[in-house]
Protein chains: 2
Amino acid sequence: MDVIQVNTASRPSTVYCGTGAFEKLKEESGALFVLTDCNVYKLYKEHLAAVCPGAPVCVVPAGERHKNVRTLLHIFDEMLAARLHRNAVLVAVGGGVVGDMGGLAAALYMRGIRVVQVPTTLLAQVDSSVGGKTAIDYGGVKNVVGAFWQPERVLCDPLFLHTLPSREIKCGLGEILKTGILDAAIGAKLWENKARLYELAFLEEIVADCVRFKARVVAEDETEQSGVRKSLNLGHTTAHALELAYGRRSHGEYVLIGMWLESFIAEREGVCSPAHAQYVRDTVALAEKRIPVFAGARQCVKYALLDKKNAAKDAVSVLLSAGKGEYAEYTLPAQRYAEYLSLLEARA
Amino acid sequence: MDVIQVNTASRPSTVYCGTGAFEKLKEESGALFVLTDCNVYKLYKEHLAAVCPGAPVCVVPAGERHKNVRTLLHIFDEMLAARLHRNAVLVAVGGGVVGDMGGLAAALYMRGIRVVQVPTTLLAQVDSSVGGKTAIDYGGVKNVVGAFWQPERVLCDPLFLHTLPSREIKCGLGEILKTGILDAAIGAKLWENKARLYELAFLEEIVADCVRFKARVVAEDETEQSGVRKSLNLGHTTAHALELAYGRRSHGEYVLIGMWLESFIAEREGVCSPAHAQYVRDTVALAEKRIPVFAGARQCVKYALLDKKNAAKDAVSVLLSAGKGEYAEYTLPAQRYAEYLSLLEARA
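Residues numbered from 1 in each chain as written. Chains lettered and ligands numbered in written order. Predicted model: local features only at pLDDT ≥ 70, side-chain atom pairs only at ≥ 80, totals over all residues. Heavy atoms only, no water.

Colleague: Looking at this structure, I do not really get the overall build of chain A. What am I missing?
Modeller: Regarding its fold elements, chain A presents 12 helices and 11 strands. For 348 residues, the compact-globule formula gives about 20 Å, and the C-alpha radius of gyration of chain A, at 20 Å, lands near that figure. Considered along the principal axes of its C-alpha atoms, chain A spans approximately 60 × 40 × 35 Å. By the burial criterion, 62% of the 348 residues in chain A qualify as buried. Of the contacts made within chain A by residues no fewer than 6 positions apart, 71% connect residues no fewer than 24 positions apart. Carbon together with sulfur atoms contributes 52% to the accessible area of chain A, which is approximately 12,900 Å² in total. Each charge sign in chain A was given a centre, from 40 positive and 39 negative side chains, and these centres are 3 Å apart. (Helix = DSSP H or I, 4+ residues; strand = E, 2+ residues; numbered from the N terminus. Rg over C-alpha atoms; globule rule 2.2 N^0.38 Å. Buried < 20%, exposed > 50% of the residue type's maximum accessible area, 1.4 Å probe, protein only. Contact = heavy atoms within 4.5 Å. Areas by Shrake-Rupley, 256 points an atom, 1.4 Å probe, with all protein chains shown as cover. Lys, Arg positive; Asp, Glu negative; His and termini not counted. Charge placed at Lys NZ, Arg CZ, Asp CG, Glu CD.)

Colleague: Whenever I open this one, the pattern of salt bridges confuses me. Can you help?
Modeller: Where side chains of opposite charge bring their charged atoms close, a pairing between them can arise. In this structure the tally under the stated criterion is 54 salt bridges over all chains. Between R336 of chain A and E269 of chain A there is a salt bridge whose closest N-O contact spans 2.8 Å. Of this pair, R336 of chain A sits in helix α12 (residues 334-341) while E269 of chain A sits in the loop between α9 (251-268) and α10 (274-285), placing them 67 residues apart in sequence. Taking the shortest distance from any N to any O, the salt bridge between E64 of chain B and K142 of chain B comes out at 2.9 Å. Of this pair, E64 of chain B sits in the loop between β4 (57-60) and α2 (69-81) while K142 of chain B sits in strand β8 (residues 141-148), placing them 78 residues apart in sequence. By relative accessible area, which is 35% here, E64 of chain B ends up partly exposed. Take K142 of chain B: its relative accessible area is 9%, and that puts it in the buried class. Among the ionic contacts, a cluster of salt bridges with common partners joins D2, K189, E205, D209 and R212 of chain A. (Salt bridge = Lys/Arg side-chain N within 4 Å of Asp/Glu carboxyl O.)

Colleague: Please clarify how the domain arrangement of chain A should be interpreted in this entry.
Modeller: Where the parts come together, the accessible area they lose is often given as the size of the interface. Residues and elements named next belong to chain A. The domain architecture assigned to chain A consists of domain 1 (2-163) and domain 2 (234-348). Between domain 1 and domain 2, the C-alpha centre-to-centre distance is 30 Å. Each side of the interface is counted separately: domain 1 has 6 residues, and domain 2 has 6 residues. A buried area of about 590 Å², summed over both sides, lies between domain 1 and domain 2, and 65% of it is on carbon and sulfur atoms. Counting every contact that joins domain 1 to domain 2 gives 1 salt bridge. Here K142 makes a salt bridge to E243, at a shortest N to O gap of 3.5 Å. Counting the contacts that link domain 1 with domain 2 gives 1 residue pair in polar contact (both at pLDDT 80 or more). If one sorts the elements of the side of domain 1 that touches domain 2 by residue count, strand β8 (residues 141-148) sits on top with 3 residues. Here the side of domain 1 that touches domain 2 is built from residues that sort into 2 nonpolar, 2 polar and 2 charged. (Domains from an automatic or database assignment. Buried area = accessible area lost by both parts, 1.4 Å probe. Polar contact = N/O pair within 3.5 Å; in protein donor to acceptor, adjacent residues only side chain to side chain. Nonpolar A, V, L, I, M, F, W, Y, C, P; charged D, E, K, R; others polar.)

Colleague: Got a minute to help me understand the sheet that holds strand β3 (residues 32-37) of chain A in this structure?
Modeller: Within a sheet, neighbouring strands are paired by backbone hydrogen bonds and run either parallel or antiparallel to one another. All names here are of chain A. What the 7 strands build is an open sheet, ordered β1-β2-β9-β6-β5-β3-β4; its pairing is mixed. Strand pairing shows two members of the sheet lacking a second neighbour, β1 (2-6) and β4 (57-60), which therefore form its edges. The average undirected angle you get between the axes of adjacent strands in this sheet is 15 degrees. Those strands touched by helix α1 (residues 38-51) are β3, β4 and β5 (89-94), and its axis lies near 140 degrees from that of β3. (Pairing = 2+ DSSP bridges. Axes fitted to C-alpha atoms, helices over the stretch in contact; angles between N-to-C directions.)

Colleague: In this structure, what is going on with the relation of the copies chain B and chain A? I would like to understand it.
Modeller: Mapping between the two copies of the chain is achieved by a rotation about an axis and a shift along the axis. Aligned on chain A, chain B shows an RMSD of 0.0 Å; the corresponding rotation is 180 degrees and the shift along the axis is 0.0 Å. Taken together, the turn and the small shift mark the pair as related by a two-fold rotation axis. In terms of C-alpha distance to the rotation axis, chain B has S10 of chain B as its closest residue, with the C-alpha 3.6 Å off the axis. A symmetric contact is evident, with 100% of the interface residues of chain B recurring at the interface of chain A. (Least-squares fit on C-alpha atoms with pLDDT ≥ 70 in both.)

Colleague: Explain the sheet that holds strand β2 (residues 13-17) of chain B to me, please; I cannot follow it from the model alone.
Modeller: All names here are of chain B. An order of β1-β2-β9-β6-β5-β3-β4 is seen for the 7 strands of this open sheet, with the pairing classed as mixed. Lying at the two open borders of the sheet, with one neighbouring strand each, are β1 (2-6) and β4. Between one strand axis and the next, the sheet turns by 15 degrees as a mean value, whatever way the strands run. For strand β3 (residues 32-37) and β4, the ladder comprises 4 bridges, and the chain directions are parallel. Within β4, the residue paired with T36 across the bridge is V59.

Colleague: What's the story with the packing of aromatic side chains in this structure? I'm lost.
Modeller: Centre-to-centre distance and the angle between the planes together describe a pair of aromatic rings. Across all of its chains, the model carries 14 aromatic pairs over all chains by this definition. Both rings, one in Y44 of chain A and one in F160 of chain A, keep their centres 4.8 Å apart while their planes meet at 70 degrees; by these two values the pair is edge-to-face. On the criterion of sequence distance, the pair formed by Y44 of chain A in helix α1 and F160 of chain A in the loop between β9 (153-156) and α5 (166-182) is long-range, its members being 116 residues apart. A residue is classified by how much of its surface remains accessible, and Y44 of chain A, at 5% relative accessible area, is buried. One aromatic cluster is present, built from ring pairs that chain together F22, Y44 and F160 of chain A. Against the face of F148 of chain B rests R111 of chain A, its NZ or CZ located 5.9 Å from the ring centre. The ring of Y279 of chain A carries K324 of chain A above its face, with NZ or CZ at 4.4 Å from the centroid. (Phe/Tyr/Trp six-rings, centres within 6.5 Å; stacked < 30°, edge-to-face > 60°. Lys NZ or Arg CZ within 6 Å of the ring centre and 35° of its normal.)

Colleague: Help me understand empty space enclosed by the protein in this model?
Modeller: A probe as big as a water molecule, rolled over the atoms, marks out the empty space that is left. For the structure on display, the rule yields 9 cavities of 30 Å³ or more. The calculated volume of the largest cavity comes to roughly 130 Å³. Along its surface, the largest cavity is lined by 15 residues, and L72, L73 and L108 of chain A together with L72 and L108 of chain B are the ones closest to its centre. Listing elements by their share of the lining of the largest cavity, those giving two or more residues are α2 (69-81) and α3 (96-108) of chain A together with α2 of chain B. (1 Å grid on protein atoms, 1.4 Å probe; cavity = no way out; pocket = protein on both sides within 12 Å on 5 of 7 lines; lining within 4 Å. Points joined across faces, edges and corners; volume = space filled by probe spheres on them.)

Colleague: Hey, could you run me through the interface of chain B and chain A in this one?
Modeller: Residue-level contacts link 39 residues of chain B with 39 residues of chain A. Together, the buried faces of chain B and chain A total about 3,300 Å²; carbon and sulfur atoms form 57% of this surface. Viewed at the interface, chain A and chain B are joined by 2 salt bridges. Here R86 of chain A ties to E224 of chain B by a salt bridge, and the two come within 3.2 Å at their closest N and O atoms. One can count 16 residue pairs in polar contact (both at pLDDT 80 or more) joining chain B with chain A. Only α2, α3 (96-108), β7 (133-138) and β8 of chain B provide two or more residues apiece to the side of chain B that touches chain A.

Colleague: Explain the nonpolar core here, please?
Modeller: The tendency in soluble globular proteins is for nonpolar side chains to be buried as a group. Ranked by size, the top nonpolar core spans 72 residues in total, and within it V15, L122, I176, Y337 and L344 of chain B carry the most contacts. In terms of domain composition, this core takes at least three residues from each of domain 1 (2-163) and domain 2 (234-348) of chain B. Those residues in contact with V15 of chain B that lie beyond four places of it in its chain are D2, V3, I4, V6, V130, V154, C156 and V211 of chain B. The next biggest cluster of nonpolar side chains, apart from the first, holds 70 residues, and it includes L161, L182, V255 and A304 of chain A. (Core = buried A, V, L, I, M, F, W, Y, C linked by side-chain atoms within 4.5 Å.)

What follows is the structure, given as structure tokens:
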């Protein structure tokens, strides 16, 4: 089992990656309160009962559209009904949605209780469970109400990957390939193993690599102040805008599409060489062979304008890959960004 | 003007106490977003327009019962409508309710923006605006949803004290006398000036003393971990329970009543000497000559059991004054606490 420390200023966090990580829950002191969604609960009810017997379990509906105020209040209701004290530990067992909401509920209940993240999807294991970002969507804006709240522990157990549908594997690959574009060593490893990207044995290995990379970034810039952490938003401005406009596909798929689109911005705005832009697109193609067509994509500029990264009105900020292991924050007028979006409207 | 640094681990905070403090708002960089309540807005509309011209103003209903989810969401709606970016500053102009909600809205909007507190009541100036505690009430429990979020600046301007009704002065005196019980020097000053407790010139002076005391406590124990900050909860277990059960009176009055009641607990449980318990009650009497009678007070134990400080079921934790400048956390069975509450049911 890999044990990775995330040394953030606010609170150190330990990530366990590998078989048996889930069992670490048995070591927790304090009353446990489990948050999960109905899909995960159906599959892992017995496992949960074995690892944290007697703990109250709050089961929320599954899916991104439930990452909202209503579900958050329901979680508070159940925490209060369980008469949870501030020495209790919230255990979030699920994908990114459960992790984000569980983290936020823990950050706010009695001004903050401990949280243990048990990510059950590939996406959550390689990305969202590590680093303490928590949030809900509100008013049509993604993640606009949230907090930085570091989990005490993150337990990445391959146990949960066995039941994932291939759509979920592809979703996780979106963030894994993003990490490969940001980190040259991980990028090389992905290319060397391009035939094994859907193999569980390989994924188990790459999860720990991605967590180690993210732990370094988050330790350096916990709250996205200095900028290093911003690099993790590669492709995300476009991804979030498409998610708000079209829904349906997974976050990771939209990240792949976002990186594809933003590689053209980087190339044509002179932020990277044409060869590097092609490398980004080739890396995206390892998981997403054909970028889908989005009719009316340029309309999505209105969603991109809501993005938290923007600092000026009528301008869109994007994080661009400038070279292997290099990135740049780049702001362009909304009108010009909309023109780039039109690349998604039809294939030349 | 007194300038007091609050050196907390998460973020240093500066408190300005004195005439002209409000004008410091003019020095803020970044877009301002003003939160206030209808009472304060009626009185200080022109002052606000002069100090932060053009800033959007969100006016919420006045009163403790609006410190809830609904008002918080309304604030988010207005922040989104103003297209506020994460470099903006929320300016909370009002009493404890506005400060608590403004602080929480700032803590959560885009995972945290800067906040400047402009406390307009005596209570908020001496206590709630300093130290970064933010919260709303939820599910019948006070302050159960919240965060620690340090204000960048706190501007305590006596300008606002001129319009306060005497009920509000008495409310502030509740926390001032609490500070006097915790800090021997402040206690002595209050006794020396017992005839001047309602004079603005004296209150202006004591505000800075109380802020300096609180700054020391908060710097030592920002998130109430080590225990020093818990001392600020003197009288508050009972105060919060009575507030939930009876409403009507101000927080500060309930703190006075809570300290009175808890002095009997301290004395009879052997936590302090009878002489010190009498000193606490005499200090309370400087502002509250006659403790009111509460019919059925022992029923309030059910509210005390909801208190965040409790760590065990069916037991109530109280913070007791053990001597001048000394305090002790003390836990007693709910049943015994209820018997003490009955002291409020009739005067012997």
